[in-house]
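Residue-level listing of the chains:
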Amino acid sequence: MSHTWGDSSMATNGSAPLVFRLHENTPEVVREVLLERGWEEYDPHEQVEGDWNLYWRTSAFRNFEYENILPWQRLNHHPKMTRIARKDYLARNLRRMRGTYGAALYGFSPTAFILPNDYIKFLEVYTKTRVENAGKPGYWICKPVDLSRGRGIFIFDDIKHLAYNSHVIVQKYISNPLLISGYKFDLRIYVCVKSFCPLTIYMHQEGLVRFATEKYNLASLDNLFSHLTNTSINKFGPFYTTDKERVGQGCKWTLSKFRSFLHSQGINELLLWQKINNIVTLTLLTMASSIPSSPNCLELFGFDILIDSNLKPWLLEVNYSPALSLDCPADIVVKKGVINDLIDLMNYRKVDGLRQRGCLRRRHKRTCCLGSPSSQRKSLAAFLIPKSVSGKKRQRQSSLNSLHAENLVCPSVERSVNSLGSTLHPACQNSKTIIVSGNKKKSPLQVEGPTCWSELEESFEDHRDIIRRCSSHACRLPAIHAPKYKPPRFSWDQGTHEMTTPSLRVGDFILTFPFNEATWKASQDTLDVKTVLHEVHQLMSQLTFSCVHKEKRRKENNDSSAAIKNKFASLLWGPRNPPLLSEYCSSKSSCPLEMSYKG
Ligand code: ADP
């Protein structure tokens, strides 16, 4: 896969290289990809606080990190992601949506009970299932709510084997999975939520297929190598390195290889992808409106999907820090591609290389809620006050010091430099050190010199005004760069061209939401879940219609396809070179899907 890196050329065409900051335990592949793209790694001993463009953590960020974010910075997590990534929260959210909108839309996750709270409810369903199956056991899987990588999971058919000493979910076990040469597998689908407000979802065309390493066998429920598809488990299995029938060595395929397999079996996969696509959208809808707006963040999710023998995809869980370790060749191809495309989605521009200068501009331009005034002071002070200057940092510092004299590329930056000059106390303007003493307390940032905070504080007054007007959790940063090119726009309505619509694809990330004008409008201000669900339902009905009645209604299909074509030009997520969704609607598919909407 070849990529053209906009960011690697930054160092050579005038701006400083982009800088990444990694929290401990960040997978090595992230560092590798960013260095390959010409980025530099942040060194807290060498560089000024905040002098970075991307902060990557596997765990969640803390509130103050969102509050103090600067215009050129990005974080790899949105706030409050446990709402979807913790198994119990996800189960609760999906149950609520199923209760409100019906199982036709929200019937894609196995029935789940959160124990110990739901124990009585579980007991009822367990008993009922046994009776209905004439005493035959139903199968259940028990998973600790906050563990990952298959830890603590077991499968049972008799309640006497259910034992737990922490919060767990007990979920209906999908006992008829689609098998390849007798091996169970699930799909790891990479999804990027570029924004929750407005909701903007991309799905990567590459992904992973993860196999169990022993043949599927319901007679041995305690054989995890047969029932669980986690690599973290199977790589320790006795048959991991064996060349397994059709599956091969190891336990992973790329999604492309899986697609070829489906073709070889004569399976029309298009409807399958669209169903998975819907699962992703419907799942994210459960919590999208409760996530604070944070435009400088994006999220890479790993959706785990199990396909059953009827080709129905089931959502098993959502990971907000999907594993990025490189265990095998499939991992290298897929994960490096995903991270590269993710960086492209972060939309860095040349001006982001002007970090320190941008900070000065921020004082007069930003409209972000930045938390307490004291935290604002700190982040600004971090830029104004040099720590010990040396080597590479000295270069950066001198560029900061020479700011007043320099003719900057960006006119808005230039304006802010001038305004800084008029804001600072004259004694500060030529001084290399200032003292932070506005609140009379010594801060770790203090250095000796003249006092300037009173003047700086005045300049914050206008921001405070804006901040007071923002909601307590909204964090809207200005777009500090005009896009180099206009992204492709949806073509349905000339009248909407005033507002930016997201790119249809970025690398191998395909825009899957919004997918037409109605969903785009419904996600602009307050997310209109009902309208979105209605559109998802409509789309699925049209697709189903063209599947089931393809011969009888060939002419009508063509008509409806033309009608759709006029309405929107979304791509179909899934195939390597995705057709337009409208073309897909008229494609011949043999896979029926039944849906009814209870909106
Ligand atoms: P973890 O976060 O520990 O990986 P998962 O929910 O992803 O937990 O489950 C681990 C594995 O167990 C899955 O990859 C899948 O193979 C299997 N599994 C989980 N839930 C089910 C289910 N309801 N039906 C069938 N298999 C399941």
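Going by an unreviewed UniProt entry, the chain carries the name Tubulin tyrosine ligase-like family, member 2 and comes from Pygocentrus nattereri.

Looking now at the nonpolar core. Within the largest apolar cluster, 100 residues are counted, with the highest numbers of intra-cluster contacts made by Tyr 106, Leu 187, Ile 189, Phe 196, Phe 258, Leu 284 and Phe 301. If sequence neighbours within four positions are ignored, Phe 258 has contacts with Ile 180, Phe 185, Leu 187, Val 209, Trp 253, Trp 273 and Ile 307. Grouped together as the second largest cluster of nonpolar side chains are 11 residues, Leu 115, Phe 156, Leu 162 and Val 170 included.

Take helix α4 (residues 87–101) next. The end-to-end C-alpha distance of α4, which contains 15 residues, comes to 21 Å, matching closely the 21 Å that a straight helix rising 1.5 Å per residue would cover. Among all positions in α4, only Lys 87, Asp 88, Leu 90, Ala 91, Asn 93, Leu 94, Met 97 and Tyr 101 are buried. Directly beyond the C-terminal end of α4, a positive phi value near 100 degrees is found at Gly 102.

To continue, consider the side chain of Glu 269. Among the secondary structure elements, Glu 269 is positioned in the loop between α9 (255–264) and α10 (270–285). Judged by its relative accessible area of 5%, Glu 269 is buried. Apart from residues lying up to four places away in sequence, Glu 269 is in contact with Arg 259, Leu 262 and His 263.

Around the ligand, the surrounding shell holds 24 residues, and the nearest of these are Lys 143, Gly 150, Thr 229, Asn 230 and Glu 317. The separation between an oxygen atom of the ligand and a polar main-chain atom of Arg 149 is 3.3 Å. A distance of 2.9 Å separates a nitrogen atom of the ligand from a polar atom in the side chain of Lys 184. Alone, the ligand offers 540 Å² of accessible surface; in the complex the protein occludes 99% of this. Listed by contribution, the elements that provide at least two residues to the shell around the ligand are β6 (140–144), β8 (168–172), β10 (183–196), β13 (299–307) and β14 (313–319).

Next up on the list: the side chain of Thr 129. Looking at the secondary structure, you find Thr 129 in helix α6 (residues 119–132). Judged by relative accessible area, Thr 129 falls into the buried class, the value being 14%. Apart from residues lying up to four places away in sequence, Thr 129 is in contact with Gly 138, Trp 140 and Lys 172.

The rules behind the values
- Residues numbered from 1 in each chain as written.
- Predicted model: local features only at pLDDT ≥ 70, side-chain atom pairs only at ≥ 80, totals over all residues.
- Heavy atoms only, no water.
- Core = buried A, V, L, I, M, F, W, Y, C linked by side-chain atoms within 4.5 Å.
- Buried < 20%, exposed > 50% of the residue type's maximum accessible area, 1.4 Å probe, protein only.
- Contact = heavy atoms within 4.5 Å.
- Helix = DSSP H or I, 4+ residues; strand = E, 2+ residues; numbered from the N terminus.
- Expected span 1.5 Å × (residues − 1).
- Near = heavy atom within 4 Å.
- Polar contact = N/O pair within 3.5 Å; in protein donor to acceptor, adjacent residues only side chain to side chain.
- Areas by Shrake-Rupley, 256 points an atom, 1.4 Å probe, with all protein chains shown as cover.

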